[in-house]
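# Fold and contact review
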Amino acid sequence: MSSAAIAGLGITELGKVYGRSSSSLAAEAVRLAAADAGIPLSAVDGLLISSGQKQDVGITLANALSTGPLGLCMTMNSFGATAGIMVATAAKAIAEGTATTVACVFADTPLKPKQSTGAAWGSPRASTREIAGLGGWSLAGGAINPNILYAMCARRHMERYGTTSEQLGQIAVAQRAWAQHNPLAAMREPMTLEDHQNSRWIADPLHLLDCCLVSNGAVAVIVTAADRAKDLAKPPVHVWGWGQAHEVRRMHRGSDWGLVTPAARSGAAAMRMAGIGVDDVDVAELYDCYTYTVLVTLEDYGFCEKGEGGAFVSDGRLAPGGKLAVNTGGGQLSGYYMWGMTPLSEAIIQARGEGGARQAPRNDVVLVSGNGGILEHHSTLVLSPHARKLPAEVTA
Amino acid sequence: MSTPEVSELPPPFPAVQRDRATEAFFDAASRGELLVQQCAGCDTVLPPEAKTCFSCGSDNLGPTVVSGRGRLITWVVVTHAPVPVLAGAVPYVSAVVELDEGPWLMVRLVDADPTALAAGDAVQVDFVRSGAGENTGEMLPVFRPVGSEENATEEKA
Ligand SMILES: [Zn+2]
C-alpha cells in the first residue's frame, strides 16, 4: 500500500477580493498548486471541490481546468471539516488506484463590497415579517447564527469549568503574535489582552476578537503517492493519519454539547493511525472559527485534561516561543478565513520549513483540525516532512 | 443608515404565524400550556421540533403537555440583532433550558439580569404575544428566572 503526501499548495489573493467568482478563484488555486508541485494540470486525475458559505463551485470546474481524464471528481461538504476529509479521501483514492494525483480545492466569495462581515452570514429569513411555525418560534428565541450558538457553547464551558474570557483572550493574543510574521495574514497589528477585553461584544461571552475573519479567496492542495511526491518540485508533506467524527446536537438531559466535541473521536482516530500521541506533536494547526474552538479542541485531543483548557492556554504556551506552537500563521482569527484550508495550508508551510520568521522550532509532527457546523463535524490530519514509518519498521 | 425612531423598530418578538403542523402547539400556547413531544415507544419526552426519538429510534411521536419548569443550561446576551426583525429586541438573552421532563429548548429568557445568571438557575415558562399592532402573531413560550434570590441561594448552598 502506497502512502500519500501533499506535493503542492496554491493560495490565491485573500480577503477583500472583489469582482471574481468562486469558480475562477478555485481554478487559479488549482493551477498555483500544480505549479508549486511542478506538475502539469494534465497530470491531475482527481478533483475534490469544497466551497464555503456560498456553495457555488461545482464539478464543472473540471472543464475550466482542462485536466486530463479524471478517475475521481466530486464536490464535498462537511463545512469546516471538509478540507481534512478531502485529503483523507484523496489518500484513500490513491491507495486503491482510483486516481494518482488529486487536487483538493476550497473557494468562497461571501464578502461583497460595502457590506459588513456580519451581512455575509445573514439569514434568508432576515426580511420576513411573518414567520411560520416552530421556525418562527426559534427565530423569536434569537439564537439564530453561529456567533450566538458558539457563545452558548463557550458559556456552558465557562459555567462548568470556570473558563474565563481572559483565558479565551490569551488564544487570540498568541495567534496575533504569530500573525505578525505571516505576510498572508490580514490582521498584523500587535494585540494585547486588554485589546481583546475591550473589543465589542459579538455575543456575550464572545468579544469581537474571539471571532474569525471572513475572507474571499481560494486554496488548493495536490495529494499524490509519497514515492511520486519525492521526485517533485517541493519537499513532500507526508500524510501519516486521518480521522473524522460527526455528532448530532442532542437537545436533552445528559447532552455534553459545548463541553465535549467530535474532536475527541476524530483526533484519537488520526493519532492512532499515525502511531503518535499528543506528546509527539510539534505544531498544531487548530480550526479557530472562535477562540473557544481552539480551547475545546486542545482538551478533546488530550493536550490537557477536560476542563483545564483555560489554564493550559494561559501561560503564553501557544505564543511564539511557547511550549506548543499553535496556529502559527495567525489562524482564522488573525490570518485568513478559508474554512479548513486555513489550518491545512499553514500546516504544509510549517512541515516544509517555509515559515520564515514564524517557523516553529520543531516540525516533525504537525496536527491539523477541521471543525464544521456548531461543533457537529470534525476532521483531523497528522502530517510530517518524514515518510511514515510502517509498523514493521517501527518494530524492526 | 441613521438610527430609526423607536416606533419604527420591530417589536421584541417578531409576529410568528402558525402553520398546519403547529396548530396544536400554538393553541396550547394560547391556553398557557407548553406542548412538546413524547415517544410512543419509550416515553422519552422530546423537544417540539424532534423528528426521531434519540433514545429508541422511533418516529412515532405524539404531543404532551409539560410542567414548564426547568433549569438554565447556558445563555448568551445578544447586543447586536442578528436579523432586522430582532432589531427592536436587543439587548436580549437567548438561552438553553432543560425542562424537568428532560428536553432542552432554545428560547428567549425574559426579565433576567444577565450579571446574576448561573447554570442551574430555576426557570419557568411564560407566554407572550408576538408581533405588535396590526401585525400580531401567535402566543410564544418564553422563559423567566423564578424565585431568583431564594433559589440562587439554594443552588449555591
Ligand atoms: Zn423512544
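Residues numbered from 1 in each chain as written. Chains lettered and ligands numbered in written order. Predicted model: local features only at pLDDT ≥ 70, side-chain atom pairs only at ≥ 80, totals over all residues. Heavy atoms only, no water.

A word on the overall build of chain B. Of the regular secondary structure elements, chain B holds two helices and nine strands. Element order for chain B, N to C, with α for helix and β for strand: β-α-β-β-β-β-β-β-β-β-α. Here chain B, with 157 residues, has 48% of them falling under the buried criterion. Counting only contacts in chain B whose residues sit at least 6 apart along the sequence, the fraction spanning at least 24 positions is 54%. (Helix = DSSP H or I, 4+ residues; strand = E, 2+ residues; numbered from the N terminus. Buried < 20%, exposed > 50% of the residue type's maximum accessible area, 1.4 Å probe, protein only. Contact = heavy atoms within 4.5 Å.)

A complete count under the given rule lists 21 salt bridges over all chains for this structure. As a salt-bridge pair, Lys234(A) and Glu354(A) come within 3.4 Å of each other at their nearest N and O atoms. Here Lys234(A), found in the loop between α8 (226-229) and β9 (237-246), pairs with Glu354(A), found in the loop between α13 (341-352) and β12 (366-372); they are 120 residues apart in sequence, far enough to count as distant. Residue Asp126(B) pairs with Arg144(B) through a salt bridge whose shortest N-O separation is 2.5 Å. On the criterion of sequence distance, the pair formed by Asp126(B) in strand β8 (residues 122-132) and Arg144(B) in strand β9 (residues 135-145) is long-range, its members being 18 residues apart. Among the ionic contacts, a cluster of salt bridges with common partners joins Asp36(A), Lys234(A), Arg352(A) and Glu354(A). (Salt bridge = Lys/Arg side-chain N within 4 Å of Asp/Glu carboxyl O.)

Here the focus is the coordination of the zinc ion. Residues and elements named next belong to chain B. In this structure, Cys39 (SG), Cys42 (SG), Cys53 (SG) and Cys56 (SG) serve as the protein donors to the zinc ion, at separations of 2.3 Å. Counting along the primary sequence, the residues that act as donors to the zinc ion give the motif C-x2-C-x10-C-x2-C. In this pair, Cys42 is assigned in the loop between β2 (34-39) and β3 (45-46) and Cys56 in the loop between β3 and β4 (61-66), connecting sequence segments 14 residues apart. Residue Cys42 is classed as partly exposed on the basis of its relative accessible area, which comes to 30%. Note on Cys56: relative accessible area 40%, which makes it partly exposed. (Donors = N, O, S within 2.8 Å, 3.2 Å for Na, K, Ca; no water.)

Residue and element names in this part refer to chain A. Membership of the largest hydrophobic core comes to 112 residues, with the highest contact counts inside it found for Ile6, Val221, Phe303, Met341, Leu344 and Leu383. Per-element tally for this core: the top contributor is helix α3 (residues 82-96), with nine residues. Leu383 has contacts with Ile6, Val237, His238, Val239, Leu344, Ala347, Asp364, Val365, Val366 and Val368, leaving out every residue within four places of it along the chain. (Core = buried A, V, L, I, M, F, W, Y, C linked by side-chain atoms within 4.5 Å.)

This part is about unusual backbone geometry. That bond from Asp204(A) to Pro205(A) is cis: its omega, 25°, falls within 30 degrees of zero. Take Pro205(A): it is sitting in the loop between β6 (201-203) and β7 (206-207). Following Val90(B), the chain continues to Pro91(B) via a peptide bond in cis, the omega torsion being -5°. Relative to the assigned elements, Pro91(B) resides in the loop between β5 (69-78) and β6 (92-99). One non-glycine residue, Gln55(A), adopts positive backbone phi at about 45°. With relative accessibility at 41%, the residue Gln55(A) sits in the partly exposed group. Phi at Asn327(A) is positive, roughly 50°, even though this residue is not glycine. Note that Asn327(A) resides in the loop between β11 (325-326) and α12 (331-335). According to the relative accessible area criterion, Asn327(A) is buried, its value standing at 2%.

Here we take up the confidence of the model for chain A. Do not read the predicted coordinates in detail wherever pLDDT is low. On average, chain A scores 94 in pLDDT, and the residues at 70 or more come to 94%. Ignoring residues within four places in sequence, the model shows residues 122-127 of chain A, a span with pLDDT below 50, making seven contacts including any to other chains. (pLDDT = per-residue confidence, 0-100.)

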